[in-house]
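One-letter residues, chain by chain:
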Amino acid sequence: MVLAYAGRRVQSMGGADLDAVSTRIKRLLVALRPSAVVGAAADGGDLLVVETALGIANGPAVHLVLPTPEEVFREHSVEPGWRDRFERVLEQVRERGTVESLGLEDGEEAYRQANGEFLKRAADLAEGDERHAVVVIAAEGEGAMVQDLAARAALSDTPVLRIDPS
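Residues numbered from 1 in each chain as written. Predicted model: local features only at pLDDT ≥ 70, side-chain atom pairs only at ≥ 80, totals over all residues. Heavy atoms only, no water.

(A) Helix H1 (residues 18-32), seen in detail. When the terminal C-alpha atoms of H1 are compared, their 21 Å separation across 15 residues agrees well with the 21 Å that a helix rising 1.5 Å per residue should span. Of all the positions in H1, only Val-21, Ser-22, Ile-25 and Leu-29 are classed as buried. The buried residues of H1 occupy one face: seen down the axis, they fall within an arc of 100°. Among the exposed residues of H1, those oriented more than 90 degrees off its buried face are Asp-19, Arg-27 and Ala-31. Buried-residue contacts for H1 involve strand E1 (2-7), strand E2 (36-39), helix H2 (45-55), strand E5 (132-137) and strand E6 (160-163). (Helix = DSSP H or I, 4+ residues; strand = E, 2+ residues; numbered from the N terminus. Expected span 1.5 Å × (residues − 1). Buried < 20%, exposed > 50% of the residue type's maximum accessible area, 1.4 Å probe, protein only. Arc of directions from axis to C-beta. Contact = heavy atoms within 4.5 Å.)

Right under this line is the structure:
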């Protein structure tokens, strides 16, 4: 299985217990044993998925697709308190996967295009009979871009698994 993922930004996760969310993500990844995960690396849900995947021995390959150039993404999608984590994750992913930028101008359309790329990349990485699915770290109805990814997945009959951080 290959998992595309998206999650709420940290400021939108309210008082969520991030350690508990990470534990839930780890349980899901260990149970599903994906061969790869595909998504971005914004603060909050995205980075929690990437950190968790990287922390699993013989875990999945990680493929990051940033909608904008790396420095623009860092500035607009990673809170200052998470930037060290972001840099550490990118360094680790470059050793165990890929980091790609779509090079788009920052804005909602860039993130929508990235969502489409996450799904395409997950489908392309799935080999043979391997399936792909989407994991979202958000409550139902939260986050326009998370909802966009879930809606795109539904249109292609791709299963959506949800972890509600609350």
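(B) Structural detail: the packing of H2 against helix H4 (residues 83-96). Between H2 and H4, the shortest axis-to-axis distance is 10 Å and the interhelical angle comes to 45°. Relative to H4, H2 is oriented oblique. For the pair H2 and H4, the crossing hand works out as left-handed. For the pair H2 and H4, contact is made by Leu-47, Leu-48, Val-50, Glu-51, Ala-53 and Leu-54 and by Arg-85, Phe-86, Val-89, Gln-92, Val-93 and Arg-96, respectively. (Axes fitted to C-alpha atoms, helices over the stretch in contact; angles between N-to-C directions. Parallel < 35°, antiparallel > 145°, perpendicular 65-115°, else oblique. Left-handed = near helix turned anticlockwise from the far one by under 90°.)

(C) Representation of the nonpolar core within the structure. Core analysis: the biggest nonpolar cluster contains 52 residues, and Ile-25, Val-50, Val-62, Leu-64, Phe-73, Phe-118 and Ile-137 have the highest contact counts within it. Beyond its immediate stretch of four places on either side in the chain, Ile-137 contacts Ala-6, Gly-7, Arg-8, Met-13, Val-21, Ile-25, Gly-45, Val-49, Ile-163 and Pro-165. (Core = buried A, V, L, I, M, F, W, Y, C linked by side-chain atoms within 4.5 Å.)

(D) Fine view of the packing of aromatic side chains. Tallied over the full model, the rule gives one aromatic pair. Note that Arg-85 overlies the ring of Trp-82, its terminal NZ or CZ placed 4.1 Å from the centroid. (Phe/Tyr/Trp six-rings, centres within 6.5 Å; stacked < 30°, edge-to-face > 60°. Lys NZ or Arg CZ within 6 Å of the ring centre and 35° of its normal.)

(E) Expanded view of the pattern of salt bridges. If you walk through the whole model with that rule in mind, you get 14 salt bridges. One salt bridge in this structure joins Glu-100 and Arg-121, with 2.7 Å as the shortest N-O distance. Here the residue Glu-100 occupies a position in strand E4 (residues 97-101), and Arg-121 occupies one in helix H5 (residues 108-125), the gap between them amounting to 21 residues. Accessibility expressed as a relative area gives 28% for Glu-100, which makes it partly exposed. The exposure class assigned to Arg-121 is buried, which follows from its relative accessible area of 16%. For the salt bridge of Arg-152 with Asp-148, the shortest nitrogen-to-oxygen distance reads 2.8 Å. Of the two residues, Arg-152 and Asp-148 are both situated in helix H6 (residues 144-155); the distance of four residues between them amounts to about one turn of the helix. On the basis of relative accessibility, which here comes to 30%, the residue Arg-152 falls in the partly exposed class. A residue is classified by how much of its surface remains accessible, and Asp-148, at 13% relative accessible area, is buried. Three or more residues joined by partner-sharing salt bridges are found here, namely Glu-70, Arg-74, Glu-87 and Arg-94. (Salt bridge = Lys/Arg side-chain N within 4 Å of Asp/Glu carboxyl O.)

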